[in-house]
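One-letter residues, chain by chain:
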Amino acid sequence: MPELPDIAAYMRALELRVKGARLERIRLKSPFFLRTVDPPVAAAAGARVAGIERLGKRIVIALDGDLFFILHLMIAGRLWWHDKAKEVPGGGRGLAAFDFETGTLIVTEAGTKKRASLHLVKGRAALAAHDPGGADPRKLDTHAFARLLQAENHTIKRTLTDPRILDGIGNAYSDEILHRARLSPVLLTQRMSEAELMRLHGAANAVLGEWTARLTAEAERAWPEKVTAFREGMAVHGRFGKPCPVCGAPVQRIRYADNETNYCARCQTGGKLLADRSLSRLLHKDWPKTLDELEMLRPAKKA
């Protein structure tokens, strides 16, 4: 799912192309993509783009007349820009096309599970109803950040990715933030020390700031076509088995449902391996508890 830095890149690319431009028409390919009927989507035709905004992981296209398109890409939704009118892709991928006087924005979604959504609302109050409520950690001081995290007692990983608590952080950047902060993803928030909370807040600001600056700078040069959760330069996310850039230990992972958490045992958990549910069921007591035990299970390298 595109997270805050990726959404910021899309926003910058859109601002450069459509701010102030007239929206000529909207072509819907999927009947399930548009989730609202009042106001009708035709009401937006002819309006000019007043600005591009963000609600968590949602992109908002603000139009004259107090109209707002709210676009949630979910996991597999992506945006594509064409300087001239372009047909919406077939084969189930294409969802819609926004034809501006400056070009066409195409929305696609890979896979069979169609979760991406589009809403058209009128008025700021209706727009606010779609806000999940999470706070941008970059706009909080450490005390406010700590109060939010410790209001309930959950793992840091869960809390970082809860859109009702923090804004725009998902699976990928939470891994990067926790690695930067040298904290275990399963540490409970109410057990965190003041020093750990300060480290986490600083890491969140640094990681989100660095990646947002990098991706928006790239978006000023070209449309962001490679929006992915696995990027060159990430420390641990998507790097299972590869060396940690800080200590050189192999990056570990916890798998659950369709997601996985990547972490460095040496940097984040004092060398302890976090049990992977699927493997733990198979290995039971044979599951290694430390990096040293894991190394003993690896076959010896041939001379």
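Details of the structure are given in the entry above.
This text gives an overview of the structure that appears in the document. (Residues numbered from 1 in each chain as written. Predicted model: local features only at pLDDT ≥ 70, side-chain atom pairs only at ≥ 80, totals over all residues. Heavy atoms only, no water.)

**Some details on the pattern of salt bridges**
Inspection of every chain in the model, using the stated rule, returns 17 salt bridges. Between glutamate 220 and arginine 12 there is a salt bridge; the shortest N-O distance is 3.0 Å. Of the two residues, glutamate 220 is situated in helix α6 (residues 194–221) and arginine 12 in helix α1 (residues 4–18); the sequence distance between them amounts to 208 residues. Glutamate 220 gets classed as partly exposed once you look at its relative accessible area, which sits at 48%. Where lysine 157 meets aspartate 175, a salt bridge forms, and the shortest distance between an N and an O atom there is 2.6 Å. With lysine 157 in helix α4 (residues 156–160) and aspartate 175 in helix α5 (residues 171–181), this pair connects stretches of sequence that are 18 residues apart. Like lysine 157, the residue aspartate 175 is buried in the burial classification. Salt bridges sharing common partners tie together Arg22, Glu24, Arg48 and Glu101. (Salt bridge = Lys/Arg side-chain N within 4 Å of Asp/Glu carboxyl O. Helix = DSSP H or I, 4+ residues; strand = E, 2+ residues; numbered from the N terminus. Buried < 20%, exposed > 50% of the residue type's maximum accessible area, 1.4 Å probe, protein only.)

**Re the sheet that holds strand β6 (residues 94–100)**
On the basis of which strands lie adjacent, the open sheet formed by 4 strands has the order β1-β6-β7-β5 and antiparallel pairing. Of all strands in the sheet, those bounded by a partner on one side alone are β1 (23–28) and β5 (77–82). The mean angle between the axes of side-by-side strands here comes to 15°, regardless of whether they run parallel or antiparallel. Here β5 runs beside strand β7 (residues 103–109); their pairing, made up of 6 bridges, is antiparallel. Bridge pairing links arginine 78 to threonine 108 in β7. On the sheet, α1 packs against β5, β6 and β7 and is oriented at approximately 30° with respect to β5. (Pairing = 2+ DSSP bridges. Axes fitted to C-alpha atoms, helices over the stretch in contact; angles between N-to-C directions. Contact = heavy atoms within 4.5 Å.)

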